Amino acid sequence: IMVGPSSSHTAGAARLGKVARAVAGADIEDVTFYLHGSFAKTYKGHGTDRALVAGILGMEPSDERLRNSMDIAREKGIKFLFKEADLGDVHPNTVKFVMRTLDDKYCEVMGSSIGGGNIKICEVNDNEVDFTGMYETLIVSHRDAPGVIHNVTHILYSENINVAFMRVFRDGKGQEATMIFEMDNKVSEETIKKIENIELVHKVISISQQKKKNRQEMIK
């Protein structure tokens with residue numbers, strides 16, 4: 001269910017924006033969308049620009065206000081800019097979000113709309129990742145060292161959280177690393193704090209499918 005005209009260029013773009021908003025973790029003050037490939041060439045005609053902004057506002061692809069998302073963003077004082085860019089060897093429907101939040105923090109997310117409204121997130125803050133946004137997702141940034149993965153998974157086990165998929169990416173032995181957990185259960189704030197307190201863990205980002213609530217609340 002979507003506001004057209006394209007599942008890849010509209011619905012997928014809106015979902016990418018919503019996940020980027022969740023990763024940023026705070027209200028966004030301004031955002032630059034770097035558009036790659038076919039996104040760059042057709043974003044105005046297919047409504048990709050409106051869909052991306054709608055996602056940043058927290059709208060679902062089916063939200064009829066998507067058509068007016070840019071006007072709504074301007075009313076809220078959110079600045080946005082679209083730029084064509086070569087993002088490398090990635091899917092042609094790829095966008096990189098460079099966001100600044102109201103608390104003056106920067107966040108970068110890159111992802112692709114891979115067809116049928118499905119998406120894939122491939123980079124967060126210059127760290128390689130791989131997740132779809134279809135599950136409750138936990139992103140754990142940490143130092144690559146023995147025991148860190150065990151300590152995180154032990155906490156998830158103790159909280160009876162079932163992991164559907166898990167991946168670990170690292171820059172090199174003993175350097176920065178990122179764990180991605182896609183789970184069947186929602187992770188509580190208490191559990192997130194326990195993981196944050198693990199030695200050598202730097203940051204934890206939670207992307208919850210249960211944050212949808214109602215559409216009015218999402219765009220306050």
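(A) The overall build of the protein chain, seen in detail. Counting its regular elements, the protein chain contains seven helices and ten strands. The C-alpha atoms of the protein chain give a radius of gyration of 17 Å, which matches the 17 Å a tight globule of 220 residues would have. The principal-axis extent of the C-alpha atoms belonging to the protein chain is close to 50 × 35 × 35 Å. Buried positions account for 50% of the 220 residues belonging to the protein chain. The contacts in the protein chain between residues at least 6 apart in sequence include a share of 68% that link residues at least 24 apart. Total accessible area on the protein chain is roughly 11000 Å²; 46% of this is exposed by carbon and sulfur atoms. Each charge sign in the protein chain was given a centre, from 29 positive and 31 negative side chains, and these centres are 4 Å apart.

(B) Representation of the nonpolar core. In this structure, Phe 33, Leu 35, Phe 82, Phe 97, Met 99, Ile 121 and Phe 131 are the most contacted members of the largest nonpolar core, which totals 44 residues. If one sorts the elements of this core by residue count, helix H1 (residues 7-24) sits on top with eight residues. Setting aside residues no more than four positions away along its own chain, Ile 121 makes contact with Leu 16, Val 19, Val 109, Met 110, Gly 111, Val 129, Asp 130 and Phe 131. Counting residues in each nonpolar core, the second largest holds 16 residues, with Val 152, Leu 156, Val 187 and Ile 195 among its members.

(C) Spatial organisation of a nonpolar patch on the surface. A surface patch of nonpolar side chains, amounting to about 260 Å² of accessible area, comprises Ile 149, Val 163, Met 166 and Val 168. Looking at the nonpolar patch element by element, the count peaks at three residues for strand S8 (residues 163-170). What makes Ile 149 partly exposed here is its relative accessible area of 34%.

(D) Main features of the side chain of Ser 112. Mapped onto the elements of the fold, Ser 112 is located in strand S4 (residues 106-115). Among the residues examined, Ser 112 registers a relative accessible area of 5% and is labelled buried. Here the side chain of Ser 112 touches Thr 94 through a polar contact of 2.6 Å, side chain to side chain. For Ser 112, the contacting residues outside a window of four places in its chain are Leu 16, His 91, Asn 93, Thr 94, Asn 118, Ile 119 and Lys 120.

(E) Molecular detail of the sheet that holds strand S7 (residues 136-143). Here we have four strands laid out as an open sheet, ordered S8-S9-S7-S10, and antiparallel in their pairing. Looking at which strands have only one partner, the edges of the open sheet turn out to be S8 and strand S10 (201-207). Averaged over all pairs of adjacent strands, the angle between their axes in this sheet comes to 15 degrees, without regard to strand direction. Sheet analysis places S7 next to strand S9 (residues 176-183), joined by eight bridges and oriented antiparallel. Residue pairing in the sheet places Thr 137 in a bridge with Glu 182 of S9. Seen against the sheet, helix H5 (residues 148-158) touches S7, S8, S9 and S10 and runs at an angle of roughly 25 degrees to S9. Lying over the sheet, helix H6 (residues 189-196) contacts S7 and S10, oriented at roughly 155 degrees with respect to S10.

(F) Structural detail: the sheet that holds strand S5 (residues 118-124). With respect to topology, six strands assemble into an open sheet ordered S2-S1-S3-S4-S5-S6, the strand pairing being mixed. Of all strands in the sheet, those bounded by a partner on one side alone are strand S2 (79-84) and strand S6 (127-131). Between one strand axis and the next, the sheet turns by 20 degrees as a mean value, whatever way the strands run. Each of strand S1 (28-36), S2 and strand S3 (94-101) touches helix H3 (residues 48-56); the most contacted strand, S1, lies at about 145 degrees to it.

Conventions we followed
- Residues numbered from 1 in each chain as written.
- Predicted model: local features only at pLDDT ≥ 70, side-chain atom pairs only at ≥ 80, totals over all residues.
- Heavy atoms only, no water.
- Helix = DSSP H or I, 4+ residues; strand = E, 2+ residues; numbered from the N terminus.
- Rg over C-alpha atoms; globule rule 2.2 N^0.38 Å.
- Buried < 20%, exposed > 50% of the residue type's maximum accessible area, 1.4 Å probe, protein only.
- Contact = heavy atoms within 4.5 Å.
- Areas by Shrake-Rupley, 256 points an atom, 1.4 Å probe, with all protein chains shown as cover.
- Lys, Arg positive; Asp, Glu negative; His and termini not counted.
- Charge placed at Lys NZ, Arg CZ, Asp CG, Glu CD.
- Core = buried A, V, L, I, M, F, W, Y, C linked by side-chain atoms within 4.5 Å.
- Patch = residues over 30% accessible without salt bridge, like charges linked within 9 Å, V, L, I, M, F, W, Y side chains within 5 Å.
- Salt bridge = Lys/Arg side-chain N within 4 Å of Asp/Glu carboxyl O.
- Polar contact = N/O pair within 3.5 Å; in protein donor to acceptor, adjacent residues only side chain to side chain.
- Pairing = 2+ DSSP bridges.
- Axes fitted to C-alpha atoms, helices over the stretch in contact; angles between N-to-C directions.

Coordinates in, geometry out; function isn't part of it.
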